[in-house]
Amino acid sequence: MGHPGESAVERTLGSLRAIDAVAPSDASVPHPSAPPTAPYRPGPPAPHPAGGPVATQNEQAPRTLEDLYREHRMRFVRLAVLLVDDPATAEDVVQEAFTGLHRHWSRLRDEHAALGYLRTAVVNGSRSVLRRRRTAREYTPPHTADARSAESLAMLSTEHQAVVSALGKLPRRQREVLVLRYYGGLSEAEIAEATGISKGTVKSTASRGLEAIGKLVGDG
């Protein structure tokens, strides 16, 4: 699109996405100050629809809720971390999203719909976290070293780390749109569905966000 900051954001979140893609799908985000918590694991499948198989788009073998959890949980945690700046909170947001998915399992037609539900739930859960922070009298954002997976951040260049830091300074909607587009790899239509805004608003919000990033870090 030629906006200031676009190539920097695209390179940075593309690099982070590539790093996270090779991480174990069920790995936990390191967070030294957070006590270990048991992840949400669907129990033995009850009679359909509670956790039973859901059809895939290409009509291959049905996927179960546990399949989706195992294969996609880590990616949604990374997405939530970029939105809320705190791994422990991101884990909670994704946990709630999968719990909600379990409750709505019977209403979802296929795997694509299930992933769409999770994206929207993670975005909405992250928004709720940010609203609570704004109303809290005392909130100290975590240090940058604690606000990302230590492994992923250490593998990013100084330039990329600066872009990630700049994303955290954007207004909530701009950050959501850029993270979903360049880290999540979503189309404008998918971002609109996940965030509850129009495609036109997605486009204009992305433009403003990229311009802001350009001013903060330059486009190198």
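Residues numbered from 1 in each chain as written. Predicted model: local features only at pLDDT ≥ 70, side-chain atom pairs only at ≥ 80, totals over all residues. Heavy atoms only, no water.

Rule in force here: UniProt positions are given in the numbering used here, feature names are shortened, and annotations may be inferred rather than shown by experiment.
An unreviewed UniProt entry lists the protein under the name SigE family RNA polymerase sigma factor, with Actinomycetospora chibensis given as the organism. The record in UniProt for the protein states the following under Sequence similarities (unreviewed entry): "Belongs to the sigma-70 factor family. ECF subfamily."

## Quick word on the overall build of the protein
For the record, the criterion: A run of H or I in DSSP counts as a helix once it spans at least four residues, and a run of E counts as a strand once it spans at least two, with each numbered from the N terminus. Buried means the residue's accessible area, taken with a 1.4 Å probe over protein chains only, is under 20% of the maximum for its type, while exposed means over 50%, and partly exposed covers the values in between. Note on contacts: a residue pair qualifies if any of its non-hydrogen atoms lie within 4.5 Å across the two residues. Areas reported as accessible are Shrake-Rupley estimates using a 1.4 Å probe. Residue values count occlusion only from the protein chains shown.
A count of helical and extended segments in the protein gives nine helices and zero strands. Each helix (α) and strand (β) of the protein, taken in turn from the N terminus, gives the series α-α-α-α-α-α-α-α-α. Looking at the protein as a whole, 45% of its 220 residues are labelled buried. Nonlocal contacts in the protein, meaning residues at least 24 apart in sequence, comprise 78% of its contacts between residues at least 6 apart. Only carbon and sulfur atoms are counted for the fraction: they give 52% of the accessible area of the protein, which is about 11,200 Å².

## Overview of the pattern of salt bridges
Quick note on the threshold: Within this document, salt bridges are pairs made up of a side-chain nitrogen of Lys or Arg and a carboxyl oxygen of Asp or Glu, the two lying within 4 Å of each other.
A full pass over the atoms with the stated rule returns six salt bridges. With a shortest N-O distance of 3.6 Å, Glu176 and Arg172 are connected by a salt bridge. Here Glu176 and its partner Arg172 are both found in helix α7 (residues 172-183), four residues apart, which amounts to about one turn of the helix. In this structure Glu176 comes out as buried when scored by relative accessible area, which is 3%.

## Some points on the packing of helix α3 (residues 87-103) against helix α4 (residues 111-135)
Threshold: In this description, a line fitted to the C-alpha atoms serves as the axis of each element, helices being fitted only across the stretch in contact, and the angle between N-to-C directions of two axes falls anywhere from 0 to 180 degrees. For this classification, under 35 degrees means roughly parallel, over 145 means roughly antiparallel, 65 to 115 means roughly perpendicular, and everything else is oblique. Two helices cross in a left-handed way if the nearer one is turned anticlockwise from the farther one by less than a right angle. They cross in a right-handed way if the turn is clockwise.
For the pair α3 and α4, the least separation of the axes is 9 Å and the interaxial angle reads 135°. Regarding the angle of α3 to α4, the classification is oblique. Like other packed secondary-structure pairs, α3 and α4 cross with a definite hand, here right-handed. Residues Thr89, Val93, Val94, Ala97, Phe98, Gly100 and Leu101 of α3 form the contact with α4, whose own contacting residues are Ala114, Tyr117, Leu118, Ala121, Val122, Gly125, Ser126, Val129 and Arg133.

## Description of the packing of aromatic side chains
Applicable threshold: For this analysis, a ring pair means two rings from Phe, Tyr or Trp (six-membered ring only for Trp) whose centres lie within 6.5 Å, classed as stacked if their planes differ by under 30 degrees, edge-to-face if by over 60, and tilted for the remaining angles. Charge over a ring is defined by NZ of Lys or CZ of Arg lying within 6 Å of the ring centre and within 35 degrees of the ring normal.
Enumeration according to the criterion identifies one aromatic pair in this entry. Taking the centre distance of 5.0 Å and the plane angle of 70° together, the rings of Tyr69 and Phe98 count as edge-to-face. With Tyr69 in helix α2 (residues 65-84) and Phe98 in helix α3, this pair connects stretches of sequence that are 29 residues apart. Using a relative accessible area of 3% as the deciding quantity, one classes Tyr69 as buried. A relative accessible area of 1% means that Phe98 is categorised as buried. The aromatic ring of Phe76 is capped on one face by Arg75, whose charged end is 5.1 Å from the ring centroid. A cation sits over an aromatic face here: Arg181 above Tyr182, 5.3 Å from the ring centre.

## Digging into α4
To keep things clear, this is the line we draw: Expected helix span is given by 1.5 Å per residue-to-residue step, counting one fewer step than there are residues. Polar contact is the term for a pair of N or O atoms within 3.5 Å; when the atoms are in protein, one must be able to donate a hydrogen and the other to accept it, and sequence-neighboring residues count only if both atoms are side-chain atoms.
Spanning 25 residues, α4 covers 36 Å between terminal C-alpha atoms, matching the ideal 36 Å at 1.5 Å per step. The residue sitting at the N-terminus of α4 and contributing the capping side-chain oxygen is Asp110; that oxygen lies 3.2 Å from the backbone nitrogen of His112.

## With respect to the confidence of the model for the protein
Which entries qualify depends on this criterion: Scored from 0 to 100, pLDDT reflects the predictor's confidence in each residue.
With 69% of its residues at a pLDDT of at least 70, the protein reaches an overall mean of 76. Throughout residues 27-50 the model reports pLDDT below 50, and contacts reaching past four residues in sequence, or to other chains, amount to 38 contacts. Predicted confidence is poor over residues 143-148, with pLDDT under 50, and the contacts of this stretch with residues over four places away or in other chains come to 16 contacts.

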